[in-house]
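Letter by letter, the chains look like this.
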Amino acid sequence: MRIVIADPNLMPHRALFEASLPDGSLASWHDSWNEHAVLTDLKDADVYVGPRFTGAMGAAAVNLRLVHVGGAGYDGIEADALPPGAVCANTFHHENSIAEHIATVLVALRRNLIGQDAALRSGVWSSSVYSPTVRQPETLRGAVVTFLGFGHIGGAAWRLLKAFGAEGIAITRSGNTNAEANGLRWAGTTDRLGEALSESDTLVVSIPLSQETTSLVGAGELDDLGPDGLLVNIARGPVVDETALYEALKDRRIAGAAIDVWYQYPGTDGRGEPSSLPFARLDNIVMTPHSSGVTAETFRNRALEIAENITRLAKNEPLKNVVISR
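In this report, we go over the structure that sits alongside the text. (Residues numbered from 1 in each chain as written. Predicted model: local features only at pLDDT ≥ 70, side-chain atom pairs only at ≥ 80, totals over all residues. Heavy atoms only, no water.)

**Describing the nonpolar core**
With 32 residues, the main nonpolar core has Leu-148, Leu-231, Leu-245 and Phe-279 as its most contacted residues. Elements supplying a minimum of two residues to this core: β6 (144-148), β7 (167-172), α8 (193-198), β9 (202-205), α9 (219-225), α10 (242-250) and β11 (256-259). Beyond its immediate chain neighbours, meaning those up to four positions away, Phe-279 contacts Glu-242, Leu-245, Tyr-246, Leu-249, Trp-262, Tyr-263, Ile-285 and Met-287. (Core = buried A, V, L, I, M, F, W, Y, C linked by side-chain atoms within 4.5 Å. Buried < 20%, exposed > 50% of the residue type's maximum accessible area, 1.4 Å probe, protein only. Helix = DSSP H or I, 4+ residues; strand = E, 2+ residues; numbered from the N terminus. Contact = heavy atoms within 4.5 Å.)

**Comments concerning the pattern of salt bridges**
Under the counting rule described, the total for this entry stands at 15 salt bridges. For Lys-250, the salt bridge is made with Asp-251, and the minimal N-O distance between the two is 3.0 Å. Judged by its relative accessible area of 42%, Asp-251 falls in the partly exposed class. Residues Lys-320 and Glu-305 are paired through a salt bridge, measuring 3.0 Å at the closest nitrogen-oxygen approach. Highlighted residues: Lys-320 in the loop between α11 (296-314) and β13 (322-325) and Glu-305 in helix α11, separated in sequence by 15 residues. (Salt bridge = Lys/Arg side-chain N within 4 Å of Asp/Glu carboxyl O.)

**What to know about the pairing of β6**
Taken across its five residues, β6 has five buried, putting it largely inside the fold. Summarising the sheet, β6 and β7 pair through five bridges and their orientation is parallel. If you follow Val-145 over to β7, its bridge partner there is Gly-168. Here β6 pairs with β9 via four bridges, running parallel. Across the sheet, the residue bridging to Thr-146 is Leu-203, located in β9. (Pairing = 2+ DSSP bridges.)

**Section: the packing of aromatic side chains**
One pass over the full model with this rule turns up eight aromatic pairs. Both rings, one in Tyr-48 and one in Phe-53, keep their centres 5.7 Å apart while their planes meet at 45°; by these two values the pair is tilted. Overall, the relative accessible area of 0% leaves Tyr-48 in the buried class. Taking the relative accessible area as the measure of exposure, Phe-53 reaches 0% and is therefore buried. (Phe/Tyr/Trp six-rings, centres within 6.5 Å; stacked < 30°, edge-to-face > 60°.)

**Re unusual backbone geometry**
The phi angle at Asn-112 is positive, at roughly 55°, despite the residue not being glycine. Position of Asn-112 among the secondary structure elements: in the loop between α4 (95-110) and α5 (113-121). Classification of Asn-112 by relative accessible area gives partly exposed; the value is 39%. Phi is positive for His-290, close to 50°, though the residue is something other than glycine. By secondary structure assignment, the location of His-290 is in the loop between β12 (285-287) and α11.

**Things to note about the sheet that holds strand β2 (residues 26-29)**
Read across the open sheet, the six strands follow the order β2-β1-β3-β4-β5-β13; overall the sheet is mixed. Either end of the sheet is taken by a strand with one partner, and the two such strands are β2 and β13. Adjacent strand axes in the sheet meet at a mean angle of 20° when their direction is disregarded. Looking at chain direction, strand β1 (residues 2-5) and strand β3 (residues 47-49) are connected through three bridges and run parallel. Residue pairing in the sheet places Ile-3 in a bridge with Val-47 of β3. (Axes fitted to C-alpha atoms, helices over the stretch in contact; angles between N-to-C directions.)

Shape is all these values report; function is a separate question.
Structure below.
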């Protein structure tokens, strides 16, 4: 079994990955995705692991049986480029890391930890103990959180926030979430989003981006959330209207936000503005570089599951998480 890997996120787990492969496997590693370099290595490969797969790669990889992405998204895979009989599979394992991130940023925002840190660095003790103008912060106990999207990530985040004593509402496209079984206040479809937000302290956005969900959260929804409301987006930036979010934060029509997914992304040098709007000038936003799921735990488990799928392939057993078949 010959395997070509071009996903740098798996490099730290190379030893674990190779130890989990079937006997006789030969792994060829690339420290980044480079089409030309990968092309020269795909001849006679049985498996390719990487974020992108092009027509040229498919033409070179005539013996390929499996394309495996190292995460949930497979939009970089050209389905028509897969050789006949090949399949594409994905993997998850990021939900617990993202849930931890959501809880962390919500505590930071509700307690104003970043603002307190900045103030104390200049000698100001920003606490209600020392200033009557500073409000006592709220804990997560009793907070009402609306989850826009309730899949792997929303469910994991809810289990964690429920342990803090929060209450939850699930809003999904299908409306099939069982509120009672999940311990939620209620669940409904996206046409009830405004109703959910009007009784919520926080909105967690974890719904996939599609034509239907683009700008699903706009100025009206942010006003429904209200001046004490918080927004966390770990889905895709454009689910929340960019201008509406900036204006709501600037004018403090919502209290704050934690944004991990953006409207512009950098090149290979890892530098670039996340938006054309000056979010960085605002003091009521936590900005992170699409890193909420990027932990060693996430990629250890992904490496193990990819190796498991390769073992299944070697044994002619059914593969897990097949998303494209040719």
